[in-house]
Amino acid sequence: MVGPYLPVVTLIGELTILIISSIIFCGFILLILTFYSMKSGNILFPRFMRAGLLFLEGLMRALFRLFGFEDSDFLKIIVTLQNSLNWKAFLAIPVHDRVVFIPHCLRSNSCPAHLHDEGLKCRECGLCRVGEGKRFLEALGYRVFIIPGSSFIKRMIKRYHPKAIIGIGCLMEVKEGLEMANQVDIIAMGVVNLSDGCVETTADWDQVYKIALLGIPAKNVPDEMKKYLD
Ligand code: SF4
């Protein structure tokens, strides 16, 4: 009974071993590229790395853990890769077609602002850095939204049809936001918060301004922001 089927079973077995070995081999290549990127800050083959890391997400997370890295390291490298892939396209988009989404968890606990149809109406009271950030970004020509959740992002995208987004937030929010933007063909750059939580979080404002200034001629940059030009 087994005789005629034996070559087929053997072939399936060999193919399975070949596929599994190839996946593990790719995983190790990705791991080496990732460690190199993390150490040097220089990303090699970003398109291959991003596709591979997302396609083999389960395996890559396991390998990361095996080598003593956290899940957050995995997410950070995904965000960095996505930013580096979007960098050039973002540069080319005029600032009036860009928006910035700032999470409202950055505000002070004593924030006097109220929520309205398009997010928090910041009074620039000086109790947190959101007011200053909003002022800087609007001076550059950005539309800025201080939002309590992703439903606002979807609504503002429908309303204003931006071509590019800067999204600020915690690691998971930024990763998911970048994926969502990819799906709707919007160029997105993510900036991960320096401290997480639900209240009084801290944004990486230097990074926000560096990204915000991409593609903006130096003559259009207010003096107080010139220090963020590369
Ligand atoms: S600067 Fe704006 S967001 Fe920050 S506490 Fe004041 S009103 Fe609220």
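Residues numbered from 1 in each chain as written. Predicted model: local features only at pLDDT ≥ 70, side-chain atom pairs only at ≥ 80, totals over all residues. Heavy atoms only, no water.

A. Expanded view of the overall build of the chain. Along the chain, the regular secondary structure elements total 8 helices and 6 strands. A globule of 230 residues ought to have a C-alpha radius of gyration of about 17 Å, yet the chain, at 22 Å, is considerably larger. If one aligns the C-alpha atoms of the chain with their principal axes, the spans along those axes are about 80 × 35 × 35 Å. Expressed as a percentage of the 230 residues in the chain, the buried residues total 40%. Considering only contacts in the chain between residues 6 or more positions apart, those separated by 24 or more positions represent 64%. Accessible area of the chain: about 12900 Å², with a carbon and sulfur share of 61%. Charged side chains in the chain number 25 positive and 22 negative. The centres of these two groups are separated by 5 Å. (Helix = DSSP H or I, 4+ residues; strand = E, 2+ residues; numbered from the N terminus. Rg over C-alpha atoms; globule rule 2.2 N^0.38 Å. Buried < 20%, exposed > 50% of the residue type's maximum accessible area, 1.4 Å probe, protein only. Contact = heavy atoms within 4.5 Å. Areas by Shrake-Rupley, 256 points an atom, 1.4 Å probe, with all protein chains shown as cover. Lys, Arg positive; Asp, Glu negative; His and termini not counted. Charge placed at Lys NZ, Arg CZ, Asp CG, Glu CD.)

B. Inspection of the sheet that holds strand β4 (residues 143-147) at higher detail. Strands sit in the order β4-β1-β5-β6 across an open sheet of 4 strands; the sheet is parallel. Every interior strand has two partners, whereas the edge strands, β4 and β6 (187-192), have only one. The mean inter-strand angle of the sheet, taken between neighbouring strand axes irrespective of direction, is 20°. Pairing between strand β1 (residues 98-103) and strand β5 (residues 164-169): 4 bridges, direction parallel. The partner of Arg 98 across the bridge, within β5, is Ala 164. The strands touched by helix α4 (residues 71-92) are β1, β5 and β6; relative to β6, the strand with the most contacts, the crossing angle is about 135°. Contacts from helix α7 (residues 171-183) reach β5 and β6 within the one sheet, and its direction differs from that of β6 by about 175°. (Pairing = 2+ DSSP bridges. Axes fitted to C-alpha atoms, helices over the stretch in contact; angles between N-to-C directions.)

C. Summary view of the site of the ligand. By nearness alone, 14 residues border the ligand, and Cys 111, Cys 122, Arg 123, Cys 125 and Cys 128 come closest of all. The class makeup of the residues in the shell around the ligand is 8 nonpolar, 3 polar and 3 charged. (Near = heavy atom within 4 Å. Nonpolar A, V, L, I, M, F, W, Y, C, P; charged D, E, K, R; others polar.)

D. Layout of unusual backbone geometry. Phi is positive for Glu 124, which is not a glycine, with a value near 50°. Mapping Glu 124 onto the fold places it in the loop between β3 (119-121) and α5 (130-140). The class for Glu 124 is partly exposed, based on a relative accessible area of 34%. Backbone geometry places His 161, a non-glycine residue, at a positive phi of 45°. Along the chain, His 161 turns up in the loop between α6 (150-160) and β5.

E. Layout of the domain arrangement of the chain. Looking at the chain, the domain boundaries give domain 1 (3-69) and domain 2 (89-228). Each of domain 1 and domain 2 has a C-alpha centre, and these two points are 35 Å apart. (Domains from an automatic or database assignment.)

F. Region of interest: the packing of aromatic side chains. This structure, assessed with the given rule, holds 8 aromatic pairs. Note on Phe 64 and Phe 74: the rings are 5.6 Å apart at their centroids and 90° apart in plane angle, and the pair reads as edge-to-face. With a gap of 10 residues between them, Phe 64 in helix α3 (residues 57-66) and Phe 74 in helix α4 connect regions that are remote in the sequence. Assigned by exposure class, Phe 64 and Phe 74 land together as buried. Through a chain of ring-to-ring contacts, the aromatic side chains of Phe 136, Trp 205, Tyr 209 and Tyr 228 assemble into a single cluster. When the ring centre of Phe 90 is taken as origin, the NZ or CZ atom of Arg 98, which lies over that ring, is 4.3 Å away. Positioned above the aromatic ring of Phe 152, the side-chain terminus of Arg 155 is 4.6 Å from the ring centre. (Phe/Tyr/Trp six-rings, centres within 6.5 Å; stacked < 30°, edge-to-face > 60°. Lys NZ or Arg CZ within 6 Å of the ring centre and 35° of its normal.)

G. Just a nonpolar patch on the surface, in detail. Taken together, the side chains of Phe 25, Ile 29, Tyr 36, Leu 44, Phe 45 and Phe 48 define a hydrophobic patch exposed on the protein surface, amounting to about 590 Å² of accessible area. The element that contributes the greatest number of residues to the nonpolar patch is helix α1 (residues 6-40), accounting for 3 residues. Structurally, the position occupied by Phe 45 is in the loop between α1 and α2 (46-55). (Patch = residues over 30% accessible without salt bridge, like charges linked within 9 Å, V, L, I, M, F, W, Y side chains within 5 Å. Salt bridge = Lys/Arg side-chain N within 4 Å of Asp/Glu carboxyl O.)

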